[in-house]
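An overview of the molecular structure
Below, each chain spelled out in residue letters.
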Amino acid sequence: MSVSPIWRTPFLEDRHRALADRLLAWDIPEVDHDPEDFDPPVRLMLRAMAAEGLLDLIIPAPGQSPMSVDLRAICLVREVLAYRSGGLADTSFVMQGIGTAAIWLSGSEATAGTYLARARRGETIAAFALTEPETGSDVANITTSATRDGDDYILNGAKTFISNAGIADHYLIVARTGEAPGARGLSAFLVDADTPGLATEKQRYIAAHAGGSLALHDVRVPASRLIGTPGGGFKLAMATFDIFRASVGAAAIGFGRRALDEALDRTRHRQLFGKRMADMDGVQTKLAEMATEIEAAGLLVYRAAWAKDSTGQRCTREVSMAKLIATESAQNVIDAAVQLFGGAGVTHGSVVERLYREVRPMRIYEGASEVQKLVIAREMLKD
């Protein structure tokens, strides 16, 4: 990573810089960036990450407090994976955390012991099912139901745009149990992928991404699979996003840095009108703008991660600012790189073309940019 290496960020400590060096030297498995079947490459990635100790960063070990999660380390991993390997490696890593967070935040000791150990070893794939066809950012209006029936709950409904749907071994599913209206009537359930009544359908996205929809028809799960307390599902979902949302920005920064490096290499070697593109004033101006924008966004990301690590609090405003600016800035930088590449930039299979497709969804998932602005404003107006 030739552009202002991430370990120069002032919010990092020596252990983070050592992790960055290790990640840059790590022999990341080579996988197809656009596979027909996502199951083999994701499992390959997870086993390699477990062997490297990376999944230990995202799933606390037994006896560790959830507050021990090092968000700056998670951001570093996501940034380097996004830069070096792309979206498939990045999402394989982070979904092990998002798909298990409710368990290590509020799950029983028995449930945690069974599920977290296997996920930490890369033996199972985790998923988190929140979004529905009619409720994206409007989480409080989830309609998937969970009705108590003796010692069980029966789940009915549908989920969509679920990462790892179809290849996951278990799902954390948020459903309405009805203790109160709106967000206070939601609960979280741990559901095995082979539970009768649970069906998945693959969805294809703008970028290579393992995901799809879930259909739940009379899915019966034991009451012991309720994670946390009845009515506590919304808080668990928000706590999960508050931990990982800043790391979305870190992955975006990784994509943006890679696009900038590709653009630098292109302009140094591309001849245009009798001279190198890099010698043209307009090109130099654009490169300077790209570098400055991605560096400023990176500072916001690692400031938010530092704030979270230092205080142990939610840091909602800082996290939302980081996610908003990093994803928007990375989109701008990658778009500029495509422009500098010209026709080669829109040719399928080029690095910047892939980056363009991979960065675009980041402005939508885990809270669209417009939602982040509302969150920031509301946090500011609380006082």
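The paragraphs below set out a description of the structure included in this document. (Residues numbered from 1 in each chain as written. Predicted model: local features only at pLDDT ≥ 70, side-chain atom pairs only at ≥ 80, totals over all residues. Heavy atoms only, no water.)

**Describing the packing of aromatic side chains**
Across all of its chains, the model carries five aromatic pairs by this definition. Ring centres of Phe 11 and Trp 306 lie 5.7 Å apart, and the angle between their planes is 40 degrees; this geometry places the pair in the tilted category. Note that Phe 11 is positioned in the segment before helix 1 (14–25) and Trp 306 in helix 9 (residues 281–311), a separation of 295 residues in sequence. Accessibility expressed as a relative area gives 21% for Phe 11, which makes it partly exposed. Above the face of the Tyr 83 ring, Arg 258 is positioned so that its terminal group lies 5.6 Å from the ring centre. (Phe/Tyr/Trp six-rings, centres within 6.5 Å; stacked < 30°, edge-to-face > 60°. Helix = DSSP H or I, 4+ residues; strand = E, 2+ residues; numbered from the N terminus. Buried < 20%, exposed > 50% of the residue type's maximum accessible area, 1.4 Å probe, protein only. Lys NZ or Arg CZ within 6 Å of the ring centre and 35° of its normal.)

**Some thoughts on the layout of surface pockets**
Rolling a probe over the atoms, with the probe sized like a water molecule, indicates the empty space that remains. Size it by volume and the second largest pocket reaches roughly 210 Å³. The wall of the second largest pocket is formed by 15 residues, among which Ala 61, Pro 62, Gly 63, Ala 112 and Leu 116 lie closest to the centre. Per-element accounting of the lining of the second largest pocket gives the leading share, six residues, to helix 7 (residues 109–120). A per-class count over the lining of the second largest pocket returns eight nonpolar, five polar and two charged. (1 Å grid on protein atoms, 1.4 Å probe; cavity = no way out; pocket = protein on both sides within 12 Å on 5 of 7 lines; lining within 4 Å. Points joined across faces, edges and corners; volume = space filled by probe spheres on them. Nonpolar A, V, L, I, M, F, W, Y, C, P; charged D, E, K, R; others polar.)

**Side note on the packing of helix 4 (residues 71–84) against helix 5 (residues 87–98)**
Running from amino to carboxyl end, helix 4 crosses helix 5 at an angle of 155 degrees, the nearest separation of the two axes being 8 Å. With respect to each other, helix 4 and helix 5 are oriented roughly antiparallel. Crossing handedness for the pair helix 4 and helix 5: right-handed. Mapping the contact onto sequence places Ile 74, Val 77, Arg 78 and Leu 81 in helix 4 and Ala 89, Asp 90, Phe 93 and Val 94 in helix 5. Residue composition of the contact of helix 4 with helix 5, by class: six nonpolar, no polar and two charged. (Axes fitted to C-alpha atoms, helices over the stretch in contact; angles between N-to-C directions. Parallel < 35°, antiparallel > 145°, perpendicular 65-115°, else oblique. Left-handed = near helix turned anticlockwise from the far one by under 90°. Contact = heavy atoms within 4.5 Å.)

**Focus: the pattern of salt bridges**
For the structure shown, the criterion picks out 25 salt bridges. The residue Arg 78 makes a salt bridge to Asp 90 at a minimum N-O spacing of 2.6 Å. One end of the pair, Arg 78, is in helix 4; the other, Asp 90, is in helix 5, and 12 residues separate them in sequence. In this structure, Arg 78 and Asp 90 share a single accessibility class: buried. Salt-bridge contacts for Glu 358 lead to Arg 354; the nearest nitrogen and oxygen are separated by 2.9 Å. Of this pair, Glu 358 and Arg 354 both sit in helix 11 (residues 351–359), four residues apart, which is roughly one turn of that helix. For Glu 358, a relative accessible area of 8% gives the class buried. Using a relative accessible area of 12% as the deciding quantity, one classes Arg 354 as buried. What emerges from the salt-bridge pattern is a single network uniting Glu 13, Arg 15, Asp 70, Arg 72 and Asp 309. (Salt bridge = Lys/Arg side-chain N within 4 Å of Asp/Glu carboxyl O.)

**Quick word on the state of the cysteines**
For the structure shown, the criterion picks out zero disulfides. The thiol of Cys 75 is unpaired, and the distance to the nearest cysteine sulfur, on Cys 315, comes to 12 Å. Here Cys 315 falls in the buried class, since its relative accessible area comes to 14%. (Disulfide = S-S within 2.5 Å.)

**Observations regarding the environment of Ser 106**
Looking at the secondary structure, you find Ser 106 in helix 6 (residues 101–106). Judged by relative accessible area, which is 33%, Ser 106 ranks as partly exposed. Between the C-alpha atom of Ser 106 and that of Pro 66, which follows or precedes it by 40 residues, the distance is 9.3 Å. Those residues in contact with Ser 106, other than ones at most four positions away along the chain, are Ile 227, Gly 228 and Leu 236.

**A few points about a negative patch on the surface**
Taken together, the side chains of Asp 32, Asp 34, Glu 36 and Asp 37 make up a negatively charged region of the molecular surface. Examined against the element boundaries, Asp 37 turns out to sit in the loop between helix 1 and helix 2 (39–51). (Patch = residues over 30% accessible without salt bridge, like charges linked within 9 Å, V, L, I, M, F, W, Y side chains within 5 Å. Areas by Shrake-Rupley, 256 points an atom, 1.4 Å probe, with all protein chains shown as cover. Lys, Arg positive; Asp, Glu negative; His and termini not counted. Charge placed at Lys NZ, Arg CZ, Asp CG, Glu CD.)

**Some details on the pairing of strand 4 (residues 170–176)**
Note on strand geometry: in a regular strand, side chains alternate between the two faces of the sheet. The element strand 4 is extensively covered by neighbouring structure, given that six of its seven residues are classed as buried. As paired strands, strand 1 (residues 126–129) and strand 4 are joined by four bridges and run parallel to one another. Paired with Phe 128 across the two strands is Leu 172, which belongs to strand 4. (Pairing = 2+ DSSP bridges.)

**Section: the nonpolar core**
One broad trend across soluble globular proteins is that nonpolar side chains are buried collectively. Counting residues in hydrophobic clusters, the biggest one holds 120 residues, and the most contacted among them are Met 49, Phe 93 and Leu 155. The biggest single contributor to this core is helix 8 (residues 233–269), with 17 residues. Setting aside anything within four residues of it in sequence, one finds Met 49 in contact with Trp 26, Leu 54, Leu 55, Leu 81, Ala 89, Ser 92 and Phe 93. (Core = buried A, V, L, I, M, F, W, Y, C linked by side-chain atoms within 4.5 Å.)

**A word on unusual backbone geometry**
A positive phi angle, close to 75 degrees, is found at Asn 164, a residue other than glycine. Tracing the backbone shows Asn 164 in the loop between strand 3 (152–163) and strand 4. You can call Asn 164 buried: its relative accessible area is 5%. Although it is not a glycine, Glu 366 adopts a positive phi angle of roughly 55 degrees. Assignment of secondary structure puts Glu 366 in the loop between helix 11 and helix 12 (369–381). The class for Glu 366 is buried, based on a relative accessible area of 13%.

Everything listed is a geometric property; what it means functionally is a separate question.
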